[in-house]
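Secondary and tertiary structure notes
Chain by chain, the residues run as shown.
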Amino acid sequence: MPGIDESLLDVMRLPGARGALVADWVSGLALGVVGEAPGGDAEAAAAETAELARLAMESGTLAPAGGAAAAGTGPASGGEGAVQDLILTTADAYHLLRFVVTGFDSTVFLYLWLDRADGNLALARIRLAGTADRLVLG
């Protein structure tokens, strides 16, 4: 089972991949980084994408009522209604965030910066989901 570094290197093999990271959406800290970062600063990219992830996970509209953890349907439980991923598109890129289900608190996510001209969004979503399922933190 791959760890963070191997998982990120695997994601970077996707056509159009420019950069990837694993971060904690509560603290905004990057746990692993590979490739480029939007704006050239990986720590800033981790903090900003973590804020987006946190907003989605704590949203009363996007997450189940009463909070994902309270409803027993958050990423930790893998239940229906849990936010699985986020996709942000710009004129030249796709930004994908995939939440990692863990046995403890599920506050980790994978982020992929994908070039829009060379990347395949569907393939990237499938690969990121598989990588998140296999990721071993430690």
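Residues numbered from 1 in each chain as written. Predicted model: local features only at pLDDT ≥ 70, side-chain atom pairs only at ≥ 80, totals over all residues. Heavy atoms only, no water.

1. What about the overall build of the chain?
- Scanning the chain from N- to C-terminus turns up four helices and five strands.
- Reading the chain from its N terminus to its C terminus gives the helix and strand order α-β-β-α-α-β-β-β-α.
- Counting only residues that meet the buried cut, the chain has 46% of its 138 residues in that class.
- Summed over its atoms, the accessible surface of the chain is roughly 6900 Å², and 54% of this surface lies on carbon and sulfur atoms. (Helix = DSSP H or I, 4+ residues; strand = E, 2+ residues; numbered from the N terminus. Buried < 20%, exposed > 50% of the residue type's maximum accessible area, 1.4 Å probe, protein only. Areas by Shrake-Rupley, 256 points an atom, 1.4 Å probe, with all protein chains shown as cover.)

2. Regarding the packing of aromatic side chains
- A complete count under the given rule lists one aromatic pair for this structure.
- If you follow R18 out to its NZ or CZ, it ends over the ring of W113, 4.0 Å from the centre. (Phe/Tyr/Trp six-rings, centres within 6.5 Å; stacked < 30°, edge-to-face > 60°. Lys NZ or Arg CZ within 6 Å of the ring centre and 35° of its normal.)

3. Let's talk about the side chain of T131
- For T131, the location among the structural elements is in helix α4 (residues 121-134).
- Once you skip the residues sitting within four places of it in the chain, T131 turns out to touch S7, D10, V11 and L110. (Contact = heavy atoms within 4.5 Å.)

4. Points about the sheet that holds strand β5 (residues 108-115)
- Spatial strand order, β2-β1-β5-β4-β3: five strands in an open sheet with antiparallel pairing. Of all the strands in the sheet, just β2 (30-35) and β3 (85-89) have a single pairing partner and so form its edges. Within the sheet, the average angular offset between the axes of one strand and its neighbour, ignoring direction, is 10 degrees.
- In terms of strand pairing, β3 meets strand β4 (residues 93-100) through five bridges, oriented antiparallel. Looking at the pairing, T89 lines up with Y94 of β4.
- Running over the sheet, helix α2 (residues 42-58) touches β1 (17-24), β2, β3, β4 and β5 and is turned about 65 degrees from β1. (Pairing = 2+ DSSP bridges. Axes fitted to C-alpha atoms, helices over the stretch in contact; angles between N-to-C directions.)

5. Quick notes on the environment of D92
- Assignment of secondary structure puts D92 in the loop between β3 and β4.
- As a C-alpha pair, D92 and D118 span 26 residues in sequence and 9.8 Å in three-dimensional space.
- For D92, the contacting residues outside a window of four places in its chain are L114, D115 and R116.

6. Things to note about the nonpolar core
- Grouped together as the largest cluster of nonpolar side chains are 19 residues, with contacts concentrated most on L8, L96, L110 and L112.
- Of all elements in the fold, only α1 (4-11), β1, β4, β5 and α4 reach the threshold of two or more residues within this core.
- The leading source of residues in this core is β5, at four residues.
- Not counting residues up to four positions away in its chain, the partners in contact with L96 are L86, I87, L110, Y111, L112, L114, L121, A124, R125 and L128.
- Counting 18 residues, the second-largest nonpolar core is a separate cluster that includes L21, A46, M57 and Y111. (Core = buried A, V, L, I, M, F, W, Y, C linked by side-chain atoms within 4.5 Å.)

7. Re the side chain of S7
- Topologically, S7 is positioned in helix α1.
- Here S7 falls in the buried class, since its relative accessible area comes to 1%.
- A polar atom in the side chain of S7 sits 2.8 Å from the backbone oxygen of G3. (Polar contact = N/O pair within 3.5 Å; in protein donor to acceptor, adjacent residues only side chain to side chain.)

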